[in-house]
Amino acid sequence: MLPADSSRRLVAELRGALDACAERQRELERSLRVSRRLLRAWDPAETPAPEPSPGRASEDPAAGKPASPASPAHGGAAPPRTVRGPPPAPALPPRTPTPQELKELELLTQALEKAVRVRKDISKAGQRSKTASLKSGSQAAAPAPATAVPPGASGRAGSRAAETRPSRGGCRASGPARTMTPGPQATKTGPGLRDQHEPPSADPHSPEVFRLKEKGTLLQLPSAYRKAASLNTRLWTQLSSTSMGDARDAAAAAKNRFLQTLQAAPASSTLSVAEVEAEVARLRAACSLLRLRQDEVLAADPGDWKQEYRRLLTLDGLGAMATECLQRLQDLRTVVAEQQPEPWPEGRPPGTPLPCGPGTDPLWHPQRLLYSSTRELQALADLRLRVAMLKQQLHLQKVLMAELLPLVCRTEPPDLALCRAAHSLLCEGGQHFLCVLRDEAEPVD
Amino acid sequence: MGRRRRGSGAAGVGALPEAIAALSRALPGGPSPETFRRAKFDRPEAVPALRRLLLGLLSSLPEDGAADPDGQARLLRSALCARGYPRGARLPESGAGGSRELLLALAWLLAREPLLERLLARARVQLGDEVTACQCELQARPCPPAHGVDTEGPVDIRFLQWLMGKLQIRWRTLASSQWEHCALLGQIHAYTQGCHSDRELGHLSVPETEALRDPEGGQQLLWRLQCENKRLEAALQWRRCELLFWQWMDSVLVTCPPEEASRPPTPPRLSGLLLSPVSRELELLSRELQTLQEGLREAAGPLRVAWEARAGARGPELEAWQQMVQMAVTRELVALKQTWEHGRAPPQPHGPCRLVQSQAAVPAGLGLQAAELMGVLRSQEACLEEALSQLQAQCQQELARLSGALPGLLWILPSHGRLAPTPSGTR
């Protein structure tokens, strides 16, 4: 058995590590759930059919075209999924739709679905060979009144063309009246055509299912979102730019003046927690940087005597810096030891962990990471995880060494089970065990 | 109202209220501009709003409406002192007054660091699938769990072994989940290629696709985005009028009553909770530095011997050259020191990045390439593995030494040979 205080510390460390891992797992599970759901068939009950199609048609300069042909031309076998932007006022928080809107939506959905089915039947009947793929099908087989609108939902060229049209996905329909105008029209055409082509309609349900795999390229973000997102990027770039104009210089000077006046109170000699943490972080960074430089110097191939001299000087310099850091560390330890700890009122002590080292600018600015294939992404993620795991392992190793080695070396008589376990934990990462055999002196007769 | 025209080029009288209004819009749940003005005159009505704001900024505790104002005031005081706030002694200890001091504390926080930007970054709406390019957040030492968890007695070492095993299993599960996640991300990105309005991005991200799938969620996202835009605009506006705010704060300071001699400033105290992990960390760090120091000394030894042996003719040119090299090396090392002293941005990229799938070979310097990042990570991995194996070797030596002191036992290592064939007793 280990002594109580060691036990407590070690268990706390390991539990902390386990909790950190569990937290990451939870986050990952959350993202996985979302992604899996996106790749399955989208539940049509959740996603109401888009109002944007009529909205789009209503904004189309060549207005007056019935909405129904426009949407199938875009969506092929299913109404294109675009987000219904916030109803009339773009900046409204989500509100529950009125019953009238719901009714309109219902009617519209039915009309569109019928039109889609009809379209599919027509195109099937008309040009069987060209209905192989949605995309070509929607382009070629459009016997309805030719829309001036390029049926451009298929492929990149298509979507770009679609963008240039005033086909804002965001529903900027000026009112229910306009959205309803194409409705009755569609309803009229729908049943009419339907009577003719009822028999061939094979599978009425499949056109309504939306799968990202097949129709992902038909998606389009609403205009309200697009605007907001580009504004967001612009603002962040502005905010994180460190350009110092005159105004900012003056402000910075005023700020410093204020700080100095504030700190005119007699400075206390004791350090605050934040300062201690900052100093520790600095020393930690110093240690790793020194080690890094040491490795670089030692890894270099031996060159001529000049290079060797330079290496010597560098190593000496690094050693001097290490000594200096040690001295600072020692001073810090005495300061910390001297402080009278004050019991904390409640909860854990606050402190924002500084990201990326002491003093670095924590500003976020939009940046991108480009990858070329899924394999690359997986490899990258794997590496990141491995580095994180190694860091944790390294920390645990240090902690275990600090606690276990003194115990193992000190206990008299030596506890063999402890030795064996300690060896496994410390030297083999808990993976392997050694055997201890008692070497019996008596010969076996 | 205390507004005075300083006339340093800024717009006139109307600009100070603008500045304060911008600040109040930019802060999360910010107090109204009126609160600021009331606080200047130390009115008690301003206290709750300011205290709530400061507590929100400083502590990670959830908003606890039930906590009594006195308790909150004390908590706030300790938190500020822990940060090194110089006027800690003047902060109110009870819930009632001190709005001017609270205002000064807020100004101090604003002045010391880019607080607004940091807050905005923390609460950012994520539009893309993000990956942090660096691993810095893991540098923060794993904090021991808060008090009250376990005050267990002594444990058997087998319990520790079990915990370690559990940890390894968790890492493996994490790795496989992540593998799947990346595969799904790759698919989603591939399927939505060409949909994004921003040509450089090319495809949709998971949050965006999710917004399309679920219009309710999409509206939420849009609304949050718009709120963030408003706050960003407010922050930018505040930056433009900052000067006036600081001048106004000078005037607030002036209105404070002079230092009272009766109440000596209490020095900020380190929390007991923090003490033990800090001292452990210092201990670990000191060991590392010592090892480093010894290693450097050992490595320098043979080089010095070689140099001494070689030093034949010591002419003045040689000495001049020596001095030059010394200066060059000193310059390099000083630059190295600057990196950790003043936290110059590390050469490698850091911070969260948006993932973009792109087949293009060289995308006109738009972003970071995954291959580069992998190179950096591989070298980190190598360093860490090296460090770990060094430590393990060290332990091995210690234990071998120990086993050598125990006669009559054979230690058989798992896959390598014997640890130290101990001389057997008399057979």
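Residues numbered from 1 in each chain as written. Chains lettered and ligands numbered in written order. Predicted model: local features only at pLDDT ≥ 70, side-chain atom pairs only at ≥ 80, totals over all residues. Heavy atoms only, no water.

Identification of chain B as Tubulin epsilon and delta complex protein 1 isoform X2 from Erinaceus europaeus is taken from an unreviewed UniProt entry.

Taking an unreviewed UniProt entry as the reference, chain A is identified by name as Tubulin epsilon and delta complex protein 2 isoform X1 belonging to Erinaceus europaeus.

Caption draft 1: Examining the overall build of chain A more closely. Across its full length, chain A carries 15 helices and four strands. When each of the 445 residues of chain A is scored for burial, the buried share is 45%. Long-range contacts, defined as pairs at least 24 residues apart, comprise 74% of the intrachain contacts of chain A with a sequence gap of at least 6. Counting every atom, chain A has about 21,400 Å² of accessible surface; 55% of that belongs to carbon and sulfur. (Helix = DSSP H or I, 4+ residues; strand = E, 2+ residues; numbered from the N terminus. Buried < 20%, exposed > 50% of the residue type's maximum accessible area, 1.4 Å probe, protein only. Contact = heavy atoms within 4.5 Å. Areas by Shrake-Rupley, 256 points an atom, 1.4 Å probe, with all protein chains shown as cover.)

Caption draft 2: Summary view of the nonpolar core. The biggest cluster of nonpolar side chains holds 93 residues, and the ones touching the most others in it are A:Leu2 and A:Leu404. Among the elements that make up this core, the one with the highest residue count is helix 14 (residues 374–410) of chain A (19 residues). In contact with A:Leu404, other than residues within four places in its own chain, are A:Leu2, A:Leu10, A:Leu425, A:Leu426 and B:Ile157. Ranked by size, the runner-up nonpolar core spans 61 residues in total, among them A:Trp364, B:Leu91, B:Leu116 and B:Ala234. (Core = buried A, V, L, I, M, F, W, Y, C linked by side-chain atoms within 4.5 Å.)

Caption draft 3: Structural view of the packing of aromatic side chains. Here the structure, examined in full by the defined rule, presents nine aromatic pairs over all chains. Taking the centre distance of 5.5 Å and the plane angle of 35° together, the rings of A:Tyr309 and B:Trp321 count as tilted. Residue A:Tyr309 is found in helix 13 (residues 305–338), and its partner B:Trp321 is found in helix 11 (residues 316–341); the two belong to separate chains. Under the relative-accessibility criterion, B:Trp321 is labelled buried at 17%. When the centroid spacing of 5.8 Å and the interplanar angle of 25° are considered together, the rings of B:Phe159 and B:Trp162 count as stacked. (Phe/Tyr/Trp six-rings, centres within 6.5 Å; stacked < 30°, edge-to-face > 60°.)

Caption draft 4: Main features of the confidence of the model for chain A. All names here are of chain A. Summary statistics for chain A give a mean pLDDT of 69 and a share of 59% for residues scoring 70 or more. Taken element by element, chain A is modelled with least confidence in helix 7 (residues 176–180), mean pLDDT 36, and with most confidence in helix 1 (residues 4–39), mean pLDDT 91. This model gives residues 48–93 a pLDDT under 50, and the stretch forms 126 contacts once residues within four places in sequence are excluded. Low pLDDT, under 50, characterises residues 342–360; the predicted model gives this stretch 46 contacts beyond four residues in sequence or across chains. (pLDDT = per-residue confidence, 0-100.)

Caption draft 5: Molecular detail of helix 15 (residues 416–427) of chain A. Relative to the 16 Å expected for 12 residues at 1.5 Å per residue, helix 15 of chain A spans 16 Å between its end C-alpha atoms, a close match to the ideal helical length. With nine of its 12 residues buried, helix 15 of chain A lies for the most part within the structure. Regarding helix 15 of chain A, the residues found buried are A:Leu418, A:Cys419, A:Ala421, A:Ala422, A:His423, A:Ser424, A:Leu425, A:Leu426 and A:Cys427. Buried residues along helix 15 of chain A sit in contact with helix 14 of chain A together with helix 7 (157–191), helix 12 (370–404) and strand 4 (409–412) of chain B. Note on helix 15 of chain A: the residue one or two positions beyond its end, A:Gly429, has a positive phi of about 65°. (Expected span 1.5 Å × (residues − 1).)

Caption draft 6: Focus on the sheet that holds strand 1 (residues 130–132) of chain B. Strand order across the open sheet formed by four strands is 1(B)-2(B)-3(A)-3(B), with mixed pairing between neighbours. Only two strands of the sheet have a single neighbouring strand rather than two, namely strand 1 and strand 3 (368–369) of chain B. Judged from the four bridges that link them, strand 3 (residues 368–371) of chain A and strand 2 (residues 352–357) of chain B form a sheet pairing that is parallel. Across the sheet, the residue bridging to A:Arg368 is B:Arg354, located in strand 2 of chain B. Along the sheet face, helix 14 of chain A touches strand 3 of chain A together with strand 1 and strand 2 of chain B and points at about 125° away from the line of strand 3 of chain A. (Pairing = 2+ DSSP bridges. Axes fitted to C-alpha atoms, helices over the stretch in contact; angles between N-to-C directions.)

Caption draft 7: Structural view of the side chain of B:Thr209. As for its placement among the helices and strands, B:Thr209 is situated in helix 8 (residues 206–213). Within polar-contact distance, the side chain of B:Thr209 engages the backbone oxygen of B:Ser205 at 2.7 Å. With residues near it in sequence (within four places) discarded, B:Thr209 still touches A:Leu38, A:Trp42, A:Leu212, A:Leu219, B:Ile188, B:Thr192 and B:Leu204. (Polar contact = N/O pair within 3.5 Å; in protein donor to acceptor, adjacent residues only side chain to side chain.)

Caption draft 8: Region of interest: the pattern of salt bridges. Residue and element names in this part refer to chain B. Counted by the stated rule, this structure contains 28 salt bridges over all chains. Put simply, Asp-42 and Arg-100 hold a salt bridge, and the shortest N to O gap is 3.9 Å. Note that Asp-42 is positioned in the loop between helix 2 (33–40) and helix 3 (47–58) and Arg-100 in helix 5 (residues 99–112), a separation of 58 residues in sequence. (Salt bridge = Lys/Arg side-chain N within 4 Å of Asp/Glu carboxyl O.)

Caption draft 9: The packing of helix 11 (residues 246–262) of chain A against helix 9 (residues 215–254) of chain B, seen in detail. Two elements in contact, helix 11 of chain A and helix 9 of chain B, have axes separated by 8 Å at closest approach and are oriented at 20°. Judged by the inter-axis angle, helix 11 of chain A sits roughly parallel to helix 9 of chain B. Judged by the twist between their axes, the crossing of helix 11 of chain A over helix 9 of chain B is left-handed. Residues A:Arg248, A:Ala250, A:Ala251, A:Ala254, A:Lys255, A:Arg257, A:Phe258, A:Thr261 and A:Leu262 of helix 11 of chain A touch helix 9 of chain B, and the partners they reach there are B:Arg239, B:Glu242, B:Leu243, B:Trp246, B:Met249, B:Asp250 and B:Leu253. (Parallel < 35°, antiparallel > 145°, perpendicular 65-115°, else oblique. Left-handed = near helix turned anticlockwise from the far one by under 90°.)

Caption draft 10: Highlighting the confidence of the model for chain B. All names here are of chain B. For chain B, the mean per-residue pLDDT works out to 78, and 78% of the residues sit at or above 70. Strand 3 is the least confidently modelled element of chain B, averaging 76 in pLDDT, while helix 7 averages 93, the highest of any element. Throughout residues 261–265 the model reports pLDDT below 50, and contacts reaching past four residues in sequence, or to other chains, amount to three contacts. This model gives residues 421–427 a pLDDT under 50, and the stretch forms nine contacts once residues within four places in sequence are excluded.

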